[in-house]
Amino acid sequence: MDDRQLTEELHDYLFAIRTQVHTELRDLAREAGLTDTQTDALWRLSRGREMTARRLADLLQCDASTATSMIDRLEKRGLVRRVPHPTDRRAKVIQLTPEGCALRDRVIQHTTEHSPFALLDHESRLRLHTLLREVIDGLRPAGEAASVKDTVKEEQQ
């Protein structure tokens, strides 16, 4: 198999995994009465500390007004709340409420239980993790190499 065919098949595999994960999350989202984007927002907010609406919009790759509308809907459902930013008086931080945390935990549990990676043994998952981290780190501009943990930290800001 030449490099071009190998790369094409790797992309095919990534799209197939994405489709499977997306389908599983979509089913759970419908059951919970959420849109795909709202489920994605809960996933992003589950990565640790709170974040601003602007940062969430960047992570969801949507404009700020779309993110604000989505946050409004999540807030009305009691899944998130806006609190003052600790250092920027103009900004609000989006936090999961206890109900939002419970739903986020359901999303994480469901995703873990239905993960296509569960088909691999622990050592294989570690090797795949290392390889994917190398790819992600290689996507950054020169001098900006970062681990997946650094990427997660960026999501938390």
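Here the structure is a predicted model, which is why all the values come from computation and not from measurement.

Engineer: Could you give an account of the packing of helix 2 (residues 36–45) against helix 4 (residues 64–76), with specific residues and numbers?
Structural biologist: It is the contact of helix 2 with helix 4, at a shortest axis distance of 11 Å, that shows an interaxial angle of 80°. Compared by their axis directions, helix 2 and helix 4 come out roughly perpendicular. Contact residues: Thr37, Gln38 and Ala41 in helix 2; Met70, Arg73 and Leu74 in helix 4.

Engineer: Kindly report on the nonpolar core, identifying the contributing residues and their values.
Structural biologist: Core analysis: the biggest nonpolar cluster contains 18 residues, and Leu34, Leu56, Met70, Leu74 and Val80 have the highest contact counts within it. Those elements that provide at least two residues to this core are helix 1 (3–32), helix 2, helix 3 (53–60), helix 4 and strand 3 (92–96). Leu34 has contacts with Ala29, Thr39, Leu42, Leu74, Arg77, Leu79 and Leu103, leaving out every residue within four places of it along the chain.

Engineer: So what's going on with the sheet that holds strand 1 (residues 51–52)? Which residues, and what values?
Structural biologist: Pairing within the open sheet is antiparallel, and its three strands lie in the order 1-3-2. Each edge of the sheet is formed by a strand with only one pairing partner; in this case those strands are strand 1 and strand 2 (80–84). As judged from the five bridges shared by strand 2 and strand 3, these two strands associate in the antiparallel manner. When the bridges of strand 3 are listed, Arg81 appears paired with Gln95.

Engineer: Explain the confidence of the model for the protein to me, and be specific about the residues and the numbers.
Structural biologist: Of all residues in the protein, 87% have pLDDT values of 70 or greater, and the mean over the chain is 84. Note that residues 144–149 has pLDDT below 50 and, in this model, eight contacts with residues that lie over four places away or in other chains.

Engineer: Go over the packing of helix 2 against helix 3, please, and point to the residues and values.
Structural biologist: Contact geometry for helix 2 and helix 3: axes closest at 10 Å, N-to-C directions at 115°. Considering the relative orientation of helix 2 and helix 3, their crossing is right-handed. Seen from helix 2, the contacting residues are Thr37, Asp40, Ala41 and Arg44; seen from helix 3, they are Leu56, Leu59 and Leu60. In the contact of helix 2 with helix 3, the residues fall into four nonpolar, one polar and two charged.

Engineer: Give me the pairing of strand 3: which residues, what numbers.
Structural biologist: The element strand 3 is largely enclosed, with a buried count of four among its five residues. With two bridges connecting them, strand 1 and strand 3 associate as antiparallel partners. For Met51, the partnering residue across the bridge sits in strand 3 and is Ile94.

About the criteria used
- Residues numbered from 1 in each chain as written.
- Predicted model: local features only at pLDDT ≥ 70, side-chain atom pairs only at ≥ 80, totals over all residues.
- Heavy atoms only, no water.
- Axes fitted to C-alpha atoms, helices over the stretch in contact; angles between N-to-C directions.
- Helix = DSSP H or I, 4+ residues; strand = E, 2+ residues; numbered from the N terminus.
- Parallel < 35°, antiparallel > 145°, perpendicular 65-115°, else oblique.
- Contact = heavy atoms within 4.5 Å.
- Core = buried A, V, L, I, M, F, W, Y, C linked by side-chain atoms within 4.5 Å.
- Buried < 20%, exposed > 50% of the residue type's maximum accessible area, 1.4 Å probe, protein only.
- Pairing = 2+ DSSP bridges.
- pLDDT = per-residue confidence, 0-100.
- Left-handed = near helix turned anticlockwise from the far one by under 90°.
- Nonpolar A, V, L, I, M, F, W, Y, C, P; charged D, E, K, R; others polar.

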